[in-house]
Structures are given as structure tokens and as C-alpha cells.
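So the chains spell out like this:
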Amino acid sequence: MFDWKKTVGAIAPTLGTVLGGPLGGLAGAAIASVLGVDNDPQALEAAVANATPDQLLALRKADADFKLQMAELGFKNIADLERIAADDRNSARAREVSLRDWMPKLLGLIVVAGFFGVLGLMIFRELPKEGRDALMMLSGALGMAFGNIVQYYYGSSAGSAAKSRTIDALQK
């Protein structure tokens, strides 16, 4: 499966890093603007997969512009953005612990069950033609929600992203 976020991260590291955090909407909007598509995951994935060399250069320029914009707002580097994302997750976890709130766990269980239920349905049953597109959209949304739940309970891939950037820098 094509990982458009990884591709964006290789071309535009700042935008790629920010995509998974609280400023992900801004990064998505910047990428969508450059590629001339709507700011939704499916449109962005298709646009990145079919990007022309000129669009990839424009994406690299948008990354530099975004980095400058973040510096003007007081963010010195990508680590500041990753810290904000980590603090956001930590405050949500602390809230859940202090209130003994069962709702996040219940919602998480429903999404995980729904994700694997739809996945099992798609694997073991022939999908009807008239509902196939809706089922594919549902599976994509559940897949993203599943990823967010795993990230919430088990941490982010910020360390992995940093390791990837270091490896890329060493290869150049």
C-alpha cells in the first residue's frame, strides 16, 4: 500500500513531521494547495502518488515556507512541534487517568472491533457492487482511527521519524 505521508516526509520533512501532530491540518492545507486538491486524506494520497516533478519541487518550496512560518510563530525546529504533539497526547492520557473516564476505552474498543470486523467482511465475503465504494471509505476511516488509537495508547512514531531523517541525512 502506498504511504503518501512517508513520501511527503522524504520530500518535505517539516510538513511530513507536522502531518501527524496538532498542526496536521495546516500541513495538509499547505500540501493540498501545492497539489491543487482538497485537503482530505484520499485526495492527498492520490495527488502525491501522481505528482509531477514540478509539483514535487513546489512541495519542497512549501516545506521551506512552512518552516519559516513556524519560526515566525516561535517554533525553532521540528522538535518543538513533536514536543507539542507529545504534550497533547500526554494531557489527554492524564485526563483519562484523573477522571477514570471509560469513554475513550469504549470508543477505542468499538473502533478496533469495527475495523477488524469490516476487514474480515472484506476478506471473507464478496462485496456487493452498489456498496463497495462506501465500504472502502468506511474501511479507510476506520483504519485511520485505528492508527490514532494505537498511537494514543502506545505512543507516536516521532522517534521513528527522527531515525528516518537521520538515516536520510547520512545517505546524502
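First, a word on what this report is: a plain description of the structure on this page. (Residues numbered from 1 in each chain as written. Predicted model: local features only at pLDDT ≥ 70, side-chain atom pairs only at ≥ 80, totals over all residues. Heavy atoms only, no water.)

Turning next to the overall build of the protein chain. In terms of helices and strands, the protein chain carries nine helices and zero strands. Along the chain direction, N to C, the helices and strands of the protein chain fall in the order α-α-α-α-α-α-α-α-α. Looking at the protein chain alone, contacts between residues at least 24 apart form 61% of all its contacts between residues at least 6 apart. Surface exposure of the protein chain reaches about 11300 Å², of which carbon and sulfur atoms provide 62%. (Helix = DSSP H or I, 4+ residues; strand = E, 2+ residues; numbered from the N terminus. Contact = heavy atoms within 4.5 Å. Areas by Shrake-Rupley, 256 points an atom, 1.4 Å probe, with all protein chains shown as cover.)

Let's shift gears to the packing of helix α1 (residues 4–11) against helix α4 (residues 41–49). It is the contact of α1 with α4, at a shortest axis distance of 9 Å, that shows an interaxial angle of 55°. Compared by their axis directions, α1 and α4 come out oblique. α4 is crossed by α1, and the crossing has left-handed handedness. Counted together, Trp4, Thr7 and Val8 of α1 and Pro41, Leu44, Glu45 and Val48 of α4 form the full contact between these two elements. Of the residues belonging to the contact of α1 with α4, the class tally is five nonpolar, one polar and one charged. (Axes fitted to C-alpha atoms, helices over the stretch in contact; angles between N-to-C directions. Parallel < 35°, antiparallel > 145°, perpendicular 65-115°, else oblique. Left-handed = near helix turned anticlockwise from the far one by under 90°. Nonpolar A, V, L, I, M, F, W, Y, C, P; charged D, E, K, R; others polar.)

Note that Gly108 resides in helix α7 (residues 103–124). For Gly108 and Tyr153, which are 45 residues apart along the polypeptide, the C-alpha to C-alpha distance reads 9.6 Å.

To describe a pair of aromatic rings, you give the distance between the ring centres and the angle between the ring planes. Counted according to the given criterion, the structure contains three aromatic pairs. With 5.1 Å between their ring centres and 70° between their planes, Phe115 and Phe116 make a pair best called edge-to-face. Here the aromatic rings of Phe116 and Phe146 are separated by 5.4 Å at their centres, their planes lie at 85°, and the arrangement is edge-to-face. Of the two residues, Phe116 sits in helix α7 while Phe146 sits in helix α8 (residues 132–154), which places them 30 residues apart along the sequence. Given the relative accessible area of 45%, Phe116 is considered partly exposed. Look at Phe146 and you get partly exposed, because its relative accessible area is 21%. Through pairs of rings, three or more aromatic residues link up here, namely Phe115, Phe116 and Phe146. (Phe/Tyr/Trp six-rings, centres within 6.5 Å; stacked < 30°, edge-to-face > 60°. Buried < 20%, exposed > 50% of the residue type's maximum accessible area, 1.4 Å probe, protein only.)

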